[in-house]
Amino acid sequence: MESLNDADVQLARLKKRLEREQRARAESEAIAEKALSELYTRKREIELLQSITVAANEASTVEGAMRTALDRVCAHTRWPVGHVLLKDSAGVLISTSLWHLDHPERYETFLKVSEAMTFATGTGLPGRVLEDRRPAWIVDVTKDPNFPRSKAAQDSGLRAGFAFPVLVGEEVAAVIEFFSDEPAEPDDAVLSIMAHVGGQLGRVIERRRAEDALKLASQHKSQFLANMSHELRTPLNAVIGITEMLQENARDLDRDDEFEPLDRVVRAARHLLALINDILDLSKIEAGKMDLHVEAFAIAPVVQDVVNTVATLAARNENALGLECPPGIGSMCADQTRIRQALLNLASNAAKFTEKGTITISVSRTVAPTGDWIVFSVADTGIGLTAEQKGRLFQDFVQADASTTRRYGGTGLGLAISRRFCQMMGGDITVESEPGQGSTFTIRLPAEATPSPAPVPAKAPQPPTRATDPHQAPLILVIDDDDSVRQVTTHFLAREGFSVTTASGGREGLRLARELLPAAITLDVMMPDLDGWTVLAAIKGDPATAGIPVVLMTIVDEKNRGYSLGAAEYMVKPVDWSGLAGVLRGICKSAGRDVLVVDDDDTMRAGLRRALHEEGWQVTEAENGRIALAHLAEQRPDVMVVDLLMPEMDGFELLDALRSNGDWRDIPVLVLTAKDLTDEDRARLNGGIERILQKRGRQEMLREVLDVLERCIERRRRESVAVP
Amino acid sequence: MKGVVFNLLEAVVRRDYGDDTWEALLEAADADGAYSSLGNYPDEEMMKLVGAASSALKMPADDVVRWFGRNALPLLAEKHPHFFTAHKSTRPFLLTLNDVIHSEVRKLYPGAEVPVFTYDTSSSDVLLMHYRSPRKLCALAEGFIEATAAHYGEKLSLDQPECMKRGDDRCVLRVSIRKPKA
């Protein structure tokens, strides 16, 4: 009995213990399950944050990051509706069309009502978030007094809502709101995670703003550089132009002691101009404003031209210069000017950095299934480059060695610019080099360069040359706001046999163009009152002036735009005067070979007229000095043939009159006389006389006259080619 | 207090005094008795159990606690041997209490309130461990330290020049290891 009782007691204890153990186990399981569930929630939250962080870092647009956040948050909460509102400049939240909608048709009403609304601070769910700058939760939007869209929400079956701010610093840049089909109590974990999401998205906006600011700053910098270069180049062009004028006077007056220093001024100014051009080129490439002029051209002449140009420089350091160009190299389609520029840069570098060595320029064609490649290489046996120097070589503004500038000159921009051009044409420049052994620079370009974004439009068809009196010097209207440019252009064009009128601004230019109907117009682009583009458009838009050929003369290299607006030619300052004269002469065909024959002897005049006409000269005749001056006042001839002894006004007086007039002083004069000149006569004629010919045997004399005039014109042309 | 401590107490009482004693203690302390190692239970319940044991075993409460520590430690060493095998003697093990042992306890038993010891290691022979806790379980620490020395086969003398139970604002556990004779 006793033992049975004991057994019972023991059993009861065991049962009790078992019951306790079961409870402890259940409790453990509950704790473990709760922990696991929390762990799972944390894991999902971390995944959500991670995916949004990744999206935020990788998204190329703020919109893209927002879109990802909408989708991920809806997936995380299993809520069907998400929507982005952006704050506008007035500080009001504006609905965007960025939505996440599980069933777009079902929530259509709510979408329409939402998108038609804006939310001021404190208004509705987004307004509350805007005010408090932290997430907000509404258990049931249909019962919330501050939810203007409650009717639409009810119609679309939406109940609970929460929203969080996208914070950039302390500022709410946007609000993202979410809605569920069921009322729901606030979930602190969700709200706290959403604060993080908002922070992440805020950083995307912040980054975008910083990038925009940077881009703008970079554009401002490029614009500043472009303007600055213009400001620098304008006076520099004046310096070059006026010095060239002085140089010419010095030459004409045989003042060699003045000529040489002036020559140095011109060369220094041109060097300075080249540096400024480099900086401008680079800033234009950076600003994405550099045009390529892609055209088909034969390769061999370009390479040969580079070799010719660099020959003197190579010889200076006693270098042998070789060219390897296979006869069948053919042609390619690219920007010829830029290739020439790049090759010239490489070749002149090679010549600079090599002494008593060999420089070899070679070109070859590589045939590939995707299209041919043209490979140019410039190999030298010069000082070479270290690995570190090679690394820095193509960086903007960096030279292999800072001391290089002092020793060898240059901006250090040439290579960077050349490389950018080659890259724009779909190729590149590479270098192989051993210090002390030499360097080989290689340009690889597709034979058919990808056309530049703005392909060169065909040149506007040359308007028919306006009827001009062949005996009148063609009138050129020079429109430029720069006084010195007008002066220099007038000087050179006048010398080339044009008559010139100038206008100091776009408006005046337009007026003169209509009044004078000049044979051609040279037009500056950057002018304060009315820019060249506008003037060009106006000239081409007026039927009265549309036929006048316009030559754009400017610092701004935008040929495509010029041609597309109808310009006949486009010249970049500093202007190549003979080039301009050639262009204008082409436009006004009879220009440049006007001769004024002044002689009282009819027979002599007739003989000269016939001979000169046969050689393509336009001949004007005058019986004496007075009549000649009258002709001169109307039209400036390119050359004059003057007899000395004439009635009314003799040759001596005429020549004195010519010399005293700035516009006529430069006209080459061939004195043709039967007079036996005394020393006094010669002294009086000294200066400004091309040649004195004694009248004698007719044929011989005529041939000599023609020769002199021809040489005279030819020399003037050659001289007008700017001294490099 | 974490359920695991109750589990340890139950294990050593059952082992050394039998199942009935544990049942009797639970009844005497009016304790629930269902302890999950992961759960949290009131400190008072532990104190009541200690008080009941003190009466039943006719032993001062601190001695009960010290006995509990001395006997619980081998169970812990069995369950988590890597904490012990990482060291070869008592002193370096004791110095890892805050940074290793108790930080692991917090990982296994989230919310565990473990004491933070400060050490005075100015003497290479005597280690002073400063203990401050509202639970005033310095006796448990003593038991654990003695058992640790036993685990490493070291003899030590342990006393408390300062003790919160004697009105000091902290307890100082003075641990002197007697070097085993060579």
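Residues numbered from 1 in each chain as written. Chains lettered and ligands numbered in written order. Predicted model: local features only at pLDDT ≥ 70, side-chain atom pairs only at ≥ 80, totals over all residues. Heavy atoms only, no water.

**What to know about the overall build of chain A**
Now for step 1: When helices and strands are counted, chain A shows 22 helices and 23 strands.
Now for step 2: Expressed as a percentage of its 724 residues, the buried residues of chain A come to 47%.
Now for step 3: Pairs at least 24 apart in sequence give 67% of the contacts found in chain A among residues at least 6 apart.
Now for step 4: When the accessible surface of chain A is summed, it comes to about 34600 Å², and 53% of that surface belongs to carbon and sulfur atoms. (Helix = DSSP H or I, 4+ residues; strand = E, 2+ residues; numbered from the N terminus. Buried < 20%, exposed > 50% of the residue type's maximum accessible area, 1.4 Å probe, protein only. Contact = heavy atoms within 4.5 Å. Areas by Shrake-Rupley, 256 points an atom, 1.4 Å probe, with all protein chains shown as cover.)

**Side note on the pattern of salt bridges**
Residue and element names in this part refer to chain A.
Now for step 1: In this structure the tally under the stated criterion is 47 salt bridges over all chains.
Now for step 2: Close ionic contact of Lys151 with Asp155 constitutes a salt bridge, the shortest N to O distance being 3.0 Å. Of this pair, Lys151 and Asp155 both sit in helix H5 (residues 150-156), four residues apart, which is roughly one turn of that helix.
Now for step 3: The partner of Glu260 in a salt bridge is Arg264, with the nearest N and O atoms 3.2 Å apart. (Salt bridge = Lys/Arg side-chain N within 4 Å of Asp/Glu carboxyl O.)

**Quick word on helix H15 (residues 532-541) of chain A**
Residues and elements named next belong to chain A.
Now for step 1: Along H15, the positions that sit buried rather than exposed are Gly532, Trp533, Val535, Leu536 and Ile539. For H15, the angular spread of the buried residues around the axis is 165°, confining them to a single face.
Now for step 2: If you check the start of H15, you find a side-chain oxygen 3.0 Å away from the backbone N of Trp533, and it comes from Asp531. (Arc of directions from axis to C-beta. Polar contact = N/O pair within 3.5 Å; in protein donor to acceptor, adjacent residues only side chain to side chain.)

**Quick notes on the side chain of His76(A)**
Now for step 1: Tracing the backbone shows His76(A) in helix H2 (residues 62-77).
Now for step 2: Excluding residues within four positions of it along the chain, His76(A) makes contact with Arg44(A), Glu45(A) and Leu48(A).

**Observations regarding the sheet that holds strand E14 (residues 475-479) of chain A**
Think of a sheet as strands paired side by side through backbone hydrogen bonds, with each pair either parallel or antiparallel.
All names here are of chain A.
Now for step 1: A sheet is described by the order of its strands in space; here five strands give the open sequence E15-E14-E16-E17-E18, paired in parallel fashion. The open sheet terminates on both sides in strands that have one partner only, identified here as strand E15 (499-503) and strand E18 (569-572). Pairs of neighbouring strands in the sheet enclose a mean axial angle of 20°, with direction left out of account.
Now for step 2: With three bridges connecting them, strand E16 (residues 520-523) and strand E17 (residues 550-554) associate as parallel partners. Within E17, the position partnered with Thr522 by the bridge is Val551.
Now for step 3: Relative to E17, H15 is tilted by about 180°, and along the sheet it contacts E14, E16, E17 and E18. (Pairing = 2+ DSSP bridges. Axes fitted to C-alpha atoms, helices over the stretch in contact; angles between N-to-C directions.)

**Focus on the packing of aromatic side chains**
Residues and elements named next belong to chain A.
Now for step 1: Counted under the stated rule, the structure contains 15 aromatic pairs over all chains.
Now for step 2: Here the aromatic rings of Phe110 and Phe179 are separated by 5.0 Å at their centres, their planes lie at 75°, and the arrangement is edge-to-face. Placement of the pair is Phe110 in helix H3 (residues 108-115) and Phe179 in strand E6 (residues 171-179), with a sequence separation of 69 residues.
Now for step 3: Taking the relative accessible area as the measure of exposure, Phe110 reaches 0% and is therefore buried.
Now for step 4: In this structure Phe179 comes out as buried when scored by relative accessible area, which is 0%.
Now for step 5: With a centroid separation of 6.0 Å and 15° between ring planes, the pair formed by Phe164 and Phe178 is classed as stacked. One end of the pair, Phe164, is in strand E5 (residues 161-168); the other, Phe178, is in strand E6, with 14 residues separating them in the sequence. (Phe/Tyr/Trp six-rings, centres within 6.5 Å; stacked < 30°, edge-to-face > 60°.)

**Details of helix H20 (residues 651-660) of chain A**
Now for step 1: Residues of H20(A) that are buried: Gly651(A), Phe652(A), Leu654(A), Leu655(A), Ala657(A) and Leu658(A).
Now for step 2: The opening residue of H20(A) is Asp650(A), an N-cap whose side-chain oxygen sits 3.1 Å from the backbone nitrogen of Phe652(A).

**Some remarks on the pairing of strand E20 (residues 618-622) of chain A**
All names here are of chain A.
Now for step 1: Here E20 lies mainly inside the structure; four of its five residues are buried.
Now for step 2: Taken together, the five bridges between strand E19 (residues 594-598) and E20 define a ladder with parallel strand orientation. Its bridge partner lying in E20, Val597 is registered against Glu621.

**Focus on the sheet that holds strand E3 (residues 155-162) of chain B**
Residue and element names in this part refer to chain B.
Now for step 1: Spatially, E1-E2-E4-E3 is the arrangement adopted by the four strands of the open sheet, whose pairing is antiparallel. If you trace the sheet from one side to the other, it starts and ends with strand E1 (118-120) and E3, each paired once. Averaged over all pairs of adjacent strands, the angle between their axes in this sheet comes to 25°, without regard to strand direction.
Now for step 2: Direction of pairing for strand E2 (residues 126-131) relative to strand E4 (residues 171-178): antiparallel, over a ladder of six bridges. Residue pairing in the sheet places Leu128 in a bridge with Arg174 of E4.

**What to know about a negative patch on the surface**
Now for step 1: A surface patch of negative charge is lined by Asp254(A), Asp256(A), Asp257(A) and Glu258(A).
Now for step 2: Mapped onto the elements, Glu258(A) comes out in helix H7 (residues 256-286). (Patch = residues over 30% accessible without salt bridge, like charges linked within 9 Å, V, L, I, M, F, W, Y side chains within 5 Å. Lys, Arg positive; Asp, Glu negative; His and termini not counted. Charge placed at Lys NZ, Arg CZ, Asp CG, Glu CD.)

**What to know about the confidence of the model for chain B**
Now for step 1: On average, residues of chain B carry a pLDDT of 91, and 98% of them reach 70 or more.
Now for step 2: If you check the scores for this complex, the pTM reads 0.45 and the ipTM reads 0.75. (pLDDT = per-residue confidence, 0-100.)

**Here we look at the environment of Val619(A)**
Now for step 1: Residue position: Val619(A) is located in strand E20.
Now for step 2: With 18 residues separating them in the primary sequence, Val619(A) and Pro637(A) have C-alpha atoms 9.0 Å apart.

**Considering the interface of chain B and chain A**
Now for step 1: Each partner contributes to the interface: chain B provides 17 residues, whereas chain A provides ten residues.
Now for step 2: Between chain B and chain A, roughly 1100 Å² of surface is buried when both sides are summed, and carbon and sulfur atoms account for 43% of that area.
Now for step 3: Of all residues in chain B, Glu23(B), Ala34(B) and Leu38(B) give up the largest surface area on contact with chain A, accounting jointly for 38% of the area buried on that side.
Now for step 4: Between chain B and chain A we count five salt bridges in total. (Buried area = accessible area lost by both parts, 1.4 Å probe.)

**Some thoughts on the pairing of E15(A)**
Now for step 1: Bridge count for E14(A) against E15(A) is five bridges, and the pairing is parallel. Residue pairing for E15(A): Ile476(A) is matched across the bridge by Val500(A).

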